[in-house]
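Here is what each chain is made of, one letter per residue.
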Amino acid sequence: MTLGSLWHLFARETKLWMAGGSVSVLAGVVLGLLAVPAFLAAGTPELGLQLPSLVLSLGGGYAVVFPGLRVARTKVSIYRGWRQHPGSAKALWILSYAVGIIGLVTCILAGGISPSLPGLLVWVFMGPYLALSGWASALLGMAANVRLMTGIVDARDPTPARGPAQ
């Protein structure tokens, strides 16, 4: 299953929320990154950039993650069903964890520069983490739905795809 083939299966409303949330996250990250040099130069937060960055990044991340989690009609096992999942979903899942870890390390290191800097950077990483997690969850969920509807089971996985009533 490819990303394109799964994208067409999403409901129109889900596509709109996820696409709009992704654009919002990107805008929030750009504003957040613009606020960092201003913060370092002045030593105080630039609220004109910082607050819109917070709203766009976190709001957009949640606008992606909630519809993404809602896609699956059945329980999705990330680790047990790893072999069954599409490569694009696995890549996004791993990338989301990488962004989270890089963000954590960056915020810890930024605390040595200024105690207020991690507060500025946290949503620059949190929004993309949420968005990537949402996209990964949506792809994993839709692939599970397709396996459930078609009855396709990976021969290497001993657990068959089952519907909620089985």
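Our subject is the structure listed above.
Residues numbered from 1 in each chain as written. Predicted model: local features only at pLDDT ≥ 70, side-chain atom pairs only at ≥ 80, totals over all residues. Heavy atoms only, no water.

Draft legend 1. Representation of a nonpolar patch on the surface within the structure. Among the surface-exposed residues, Tyr-62, Phe-66, Leu-69 and Met-126 lie close enough to one another that they form a single nonpolar patch of about 400 Å² accessible area. The element that contributes the greatest number of residues to the nonpolar patch is helix H3 (residues 47–70), accounting for three residues. (Patch = residues over 30% accessible without salt bridge, like charges linked within 9 Å, V, L, I, M, F, W, Y side chains within 5 Å. Areas by Shrake-Rupley, 256 points an atom, 1.4 Å probe, with all protein chains shown as cover. Salt bridge = Lys/Arg side-chain N within 4 Å of Asp/Glu carboxyl O. Helix = DSSP H or I, 4+ residues; strand = E, 2+ residues; numbered from the N terminus.)

Draft legend 2. Representation of helix H5 (residues 117–150) in the model. Spanning 34 residues, H5 covers 50 Å between terminal C-alpha atoms, matching the ideal 50 Å at 1.5 Å per step. In the stretch just after H5, Gly-151 is the one whose phi turns positive, near 75°. (Expected span 1.5 Å × (residues − 1).)

Draft legend 3. Broad picture of the packing of helix H2 (residues 12–42) against H3. Two elements in contact, H2 and H3, have axes separated by 7 Å at closest approach and are oriented at 150°. If you check the angle between H2 and H3, you find them roughly antiparallel. Relative to H3, H2 is oriented so that their crossing is left-handed. In the contact of H2 with H3, the residues fall into 14 nonpolar, 12 polar and two charged. (Axes fitted to C-alpha atoms, helices over the stretch in contact; angles between N-to-C directions. Parallel < 35°, antiparallel > 145°, perpendicular 65-115°, else oblique. Left-handed = near helix turned anticlockwise from the far one by under 90°. Nonpolar A, V, L, I, M, F, W, Y, C, P; charged D, E, K, R; others polar.)

Draft legend 4. Just the nonpolar core, in detail. Counting residues in each nonpolar core, the largest one holds 25 residues, and the members touching the most others are Phe-10, Leu-117, Leu-120 and Leu-121. The set of elements that each furnish at least two residues to this core consists of H2, helix H4 (87–113) and H5. Examining the composition of this core, we find that 12 residues originate from one element, H5, more than from any other. Beyond its immediate stretch of four places on either side in the chain, Phe-10 contacts Lys-15, Val-71, Ala-138, Leu-139 and Met-142. (Core = buried A, V, L, I, M, F, W, Y, C linked by side-chain atoms within 4.5 Å. Buried < 20%, exposed > 50% of the residue type's maximum accessible area, 1.4 Å probe, protein only. Contact = heavy atoms within 4.5 Å.)

Draft legend 5. Focus on the pattern of salt bridges. Applying the stated criterion to the full structure yields one salt bridge. The closest approach of N and O atoms between Glu-13 and Arg-70, which form a salt bridge, is 3.8 Å. One end of the pair, Glu-13, is in helix H2; the other, Arg-70, is in helix H3, and 57 residues separate them in sequence.

Draft legend 6. Focus on the environment of Leu-130. Along the polypeptide, Leu-130 turns up in helix H5. Through-space distance from the C-alpha of Leu-130 to that of Leu-58 is 7.9 Å; in sequence the pair is 72 residues apart. Filtering out sequence-adjacent residues up to four positions away, Leu-130 remains in contact with Leu-58, Gly-61, Tyr-62 and Val-65.

Draft legend 7. Spotlight on the packing of aromatic side chains. Considering all chains together, one arrives at two aromatic pairs under this definition. Here Tyr-62 and Phe-66 contribute two aromatic rings whose centre-to-centre distance is 5.6 Å and whose plane-to-plane angle is 20°, an arrangement assigned as stacked. Of the two residues, Tyr-62 and Phe-66 are both situated in helix H3; the distance of four residues between them amounts to about one turn of the helix. For Tyr-62, a relative accessible area of 37% corresponds to the partly exposed category. (Phe/Tyr/Trp six-rings, centres within 6.5 Å; stacked < 30°, edge-to-face > 60°.)

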